[in-house]
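The chain contents come next:
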Amino acid sequence: MTRSDPAAAESALLCDALEVAPERVSFLRREPLGPGSVAAFAVSGEPVEGDYFVDTSGLDVAVETGMALPGVARIWMHPADPHLPALAPTAYGGAAGVLLSRIGHEATDAPAMVAYRPGRRAVLTVPTREGVVWLKVVRPSRVEPIVESHALLAASGIPVPAILAWSPEGLIALASAEGAPATEVAWHPEALLDVAEEVQSRLAQVPLRRTARTGLEDRLPWYTAKLEAVAARPGAVRLVSEQTAAALDVGQGEPRSIHGDLHLGQLFLTGEGSEVSLAGIIDVDTAGRGFAADDSAAFLSHAIASAILTENGGDAPRAWALADGALVRWGDRPGVRGRAAVHLLGHALAAAEGGELLRSDRLLGRAHDLVSESKNT
């Protein structure tokens, strides 16, 4: 299998802007953002060595933090993300310490980056004398809605981590979640699926007002175009995309409150085996009004993607039992297969752009299986 350059246009822009040779630029990953994307690159050699981002989203920012190419792109160097103005002062300045000191938490070390989605959010941890505090950096416009949703979820009995403090610049400090991460628990597949179903039922009772951040209908054409350019079988991508679009076009029922990005990594548990129970839910930034199929589909697709990853080592039989069990439980519900297929196309794109064409093709095949066998189209 051969692989085309997944970010040739952005790489050329970056080389031109920094006046460096192409061999000094290595593509890392891409994130969808707005109608475009943010492509990440590592640039070697002084005086410009570092991680750079080429942003073709076209989204407005309050202040440019790098080079702006009007109507084309903007380029910045980590951590000067123009969409997340709190990132640089939080990760490398004193903003986190100041915020925490105001609520009686004394930091004992510098913040450590846990996750970063350029233009969207970053997650960091800070050790304090009172315990580990989690820091979430988001766009300033999203802070108050997130805080409001957290408060409403907590008041409704949903076990979300407590918000300790927040600032309008886009920084939220949270306590650690109760329980142990599901990724570190010896759960039985059916018991974990019971927990996931419980989460969906409990969330449905919360009167959230804002719209959940899923955007699957918008993501499908974006994933399709990008994946066709780098996949081993572009014709198969087009076929699966068309089948997925048809599977998405089914009755979804009335909107209800959902997580918006429900998967194994969002759950914290107590107990083990068949006795696991829900202790906490994290990353509820995406929560809001959506369709019941959204959370079932997100969980199913993530389980399939995780099972494919475990085949090269790890607990593959249990992972596949979880994925197969999720399909049995939710696969015949309206919209689940189509929405899960969109997620799998996203996983396939990330794998292909990372050079893992065989894994990408397996993910594409699983998406095809879902929508070609769908009873809801």
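Owing to the predicted nature of the structure, the values given are computational and were not obtained by experimental measurement. (Residues numbered from 1 in each chain as written. Predicted model: local features only at pLDDT ≥ 70, side-chain atom pairs only at ≥ 80, totals over all residues. Heavy atoms only, no water.)

How would you sum up the overall build of the protein chain? Please name residues and give values.
For the protein chain, the count of helices and strands is eleven helices and 15 strands. Scaling as 2.2 N^0.38, a compact globule of 377 residues should have a C-alpha radius of gyration of about 21 Å, and the protein chain matches this with 21 Å. Overall, the C-alpha framework of the protein chain stretches about 55 × 55 × 40 Å when taken along its three principal axes. In the protein chain, buried positions account for 50% of the 377 residues. Taking the contacts inside the protein chain whose residues are at least 6 apart along the sequence as the reference set, 66% of them involve residues at least 24 apart. Within the structure as shown, the protein chain displays about 16,300 Å² of accessible surface, and the carbon and sulfur contribution to it stands at 53%. For the protein chain, the separation between the mean place of its 32 positive charges and that of its 47 negative charges on side chains is 3 Å. (Helix = DSSP H or I, 4+ residues; strand = E, 2+ residues; numbered from the N terminus. Rg over C-alpha atoms; globule rule 2.2 N^0.38 Å. Buried < 20%, exposed > 50% of the residue type's maximum accessible area, 1.4 Å probe, protein only. Contact = heavy atoms within 4.5 Å. Areas by Shrake-Rupley, 256 points an atom, 1.4 Å probe, with all protein chains shown as cover. Lys, Arg positive; Asp, Glu negative; His and termini not counted. Charge placed at Lys NZ, Arg CZ, Asp CG, Glu CD.)

Residue-level account of the pairing of strand 6 (residues 112–117), with values.
Summarising the sheet, strand 6 and strand 7 (residues 121–128) pair through five bridges and their orientation is antiparallel. The residue bridging Ala112 from the neighbouring strand is Thr125, located in strand 7. (Pairing = 2+ DSSP bridges.)

A description of the nonpolar core should follow, citing residues and the corresponding values.
With 68 residues, the main nonpolar core has Leu153, Leu227, Leu267 and Phe299 as its most contacted residues. The element contributing the most residues to this core is helix 10 (residues 336–353), with ten residues. Every residue in contact with Leu153, bar those within four places of it in the chain, is listed here: Ile158, Val160, Leu203, Val206, Leu208, Val284 and Ala287. By size, the runner-up hydrophobic cluster in this structure holds 22 residues, among which are Ala40, Ala96, Val126 and Val137. (Core = buried A, V, L, I, M, F, W, Y, C linked by side-chain atoms within 4.5 Å.)

Break down the sheet that holds strand 2 (residues 36–43) for me, with residues and values.
A sheet is described by the order of its strands in space; here five strands give the open sequence 1-2-3-5-4, paired in antiparallel fashion. Looking along the sheet, the strands with just one partner apiece sit at the ends: strand 1 (25–33) and strand 4 (67–69). For this sheet the average axis-to-axis angle between neighbouring strands, irrespective of direction, equals 20°. Sheet topology note: the strand 3 (residues 50–55)/strand 5 (residues 73–77) ladder contains four bridges and is antiparallel. By the bridge assignment for strand 5, Phe53 is matched with Trp76. Where helix 1 (residues 8–18) meets the sheet, it contacts strand 1, strand 2, strand 3, strand 4 and strand 5, and its direction lies at approximately 55° from that of strand 2. (Axes fitted to C-alpha atoms, helices over the stretch in contact; angles between N-to-C directions.)

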